[in-house]
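Examination of the molecular architecture
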Amino acid sequence: MDYDSLLNTSSTLGLLLLQSGAEAYRVEDSLLRLCRAYGADRTEVFAIPSLLIVSICDPEGHSHTRVRRLYQGGTDLHRVARLNDLCRRVCRQPPELSLVDRELEALSREPGPTYLRRLGGFAFVAAFFTLLFGGGWRDALCALAAGCVICFSKYFLEGLRANSFFVTTACSFLAALTAVAGVELGLGRQLDKIIIGAFMGLVPGVAITNFMRDLLAGDLFSGITKLADSLLTATAIALGAGMALALARYLGGAL
């Protein structure tokens, strides 16, 4: 058995899963299944959102280890499902590792959602949740505009490789200003409903769900890491909204 090739394949699979937003226990379970399918029964895997360690002990007692660092992640549940299916299929009938590597390479090169799909998603989520929370159609249209502003600013700032905390703060600030402007111009009526609806596209719902699942699965370190990330995101949203509302109040008082 070529343990180096197996480590390269398994670590690549784990890194792609982490980059796509998979839970820590899913990553660890998938890599354990993959390595054992190729005869590496003495395998240990440690995964957190920013680090992956895979270690295999051969029959002679020598340890082979790969450490992969993750600097940027996201959420792509479609890719998670495809990677999970690939892992299960490989475990049932293990092919040559080179074939698995080709499939992983193809999956890694697949483009994510197009810009227009992201724009439509932010706009639809903002309008839908505004209506769900009791806003009117005019409020929903204002929220739709705020959702588009979030998508525009997020796309621009991420292209500059800005810090995620700053990106979220800036997006919430601009979206709240858009909501305030819509109400001041008479396009919307319920500012709170508009802002809440627009911000639903920024709320880390998947991260919150995953940190709970990781904690329940016993992956405390991964769960706490995702909890801290979720709290930072929530803080950035509140900070941006507060700055925008304070600015609007100051300008209103000055005028």
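Residues numbered from 1 in each chain as written. Predicted model: local features only at pLDDT ≥ 70, side-chain atom pairs only at ≥ 80, totals over all residues. Heavy atoms only, no water.

Focus: the nonpolar core
Of all hydrophobic cores here, the largest spans 31 residues; its most connected members are Leu-13, Val-27 and Leu-52. Listed by contribution, the elements that provide at least two residues to this core are helix H1 (3–19), helix H2 (24–37), strand S1 (43–48), strand S2 (51–57), helix H3 (77–92) and helix H4 (97–109). In this structure Leu-52 touches Ser-11, Gly-14, Leu-15, Leu-18, Val-27, Leu-31, Val-45, Phe-46, Ala-47, Arg-66, Val-67 and Arg-68, once residues within four positions along its chain are discounted. One finds Phe-122, Cys-151, Ile-195 and Ile-237 within the second-largest nonpolar core, a separate group that totals 26 residues. (Core = buried A, V, L, I, M, F, W, Y, C linked by side-chain atoms within 4.5 Å. Buried < 20%, exposed > 50% of the residue type's maximum accessible area, 1.4 Å probe, protein only. Helix = DSSP H or I, 4+ residues; strand = E, 2+ residues; numbered from the N terminus. Contact = heavy atoms within 4.5 Å.)

Side note on helix H6 (residues 137–159)
The first and last C-alpha atoms of H6 sit 33 Å apart over 23 residues, in line with the 33 Å expected at 1.5 Å per residue. Looking at H6, one finds that the buried residues are Asp-139, Ala-140, Cys-142, Ala-143, Ala-146, Gly-147, Cys-148, Ile-150, Cys-151, Ser-153, Lys-154 and Leu-157. Check the buried side of H6 and you find it contacts helix H5 (115–132), helix H7 (164–184) and helix H8 (191–199). Among the residues trailing H6, Arg-161 stands out with phi positive, at a value near 60°. (Expected span 1.5 Å × (residues − 1).)

Focus: the sheet that holds S2
One open sheet holds the 3 strands; their spatial order is S1-S2-S3, and the pairing between them is antiparallel. At either margin of the open sheet sits one strand with a lone partner, and together these are S1 and strand S3 (63–69). The average angle at which neighbouring strand axes cross in this sheet is 5°, direction not considered. Packed onto the sheet, H1 meets S1, S2 and S3 and runs at close to 30° relative to S3. Sitting on the sheet, H2 is in contact with S1 and S2, with an inclination near 155° to S1. (Pairing = 2+ DSSP bridges. Axes fitted to C-alpha atoms, helices over the stretch in contact; angles between N-to-C directions.)

Notes on empty space enclosed by the protein
Any space left empty among the atoms is revealed by the rolling of a water-sized probe across them. Counting across every chain of the model gives 1 cavity of 30 Å³ or more. Reported here for the largest cavity is a volume of approximately 30 Å³. In terms of lining residues, the largest cavity is bounded by Leu-13, Leu-34, Leu-86, Cys-87, Val-90, Val-100 and Leu-104. It is H3 that provides the largest number of residues to the lining of the largest cavity, a total of 3 residues. (1 Å grid on protein atoms, 1.4 Å probe; cavity = no way out; pocket = protein on both sides within 12 Å on 5 of 7 lines; lining within 4 Å. Points joined across faces, edges and corners; volume = space filled by probe spheres on them.)

None of this, on its own, says anything about what the molecule does.
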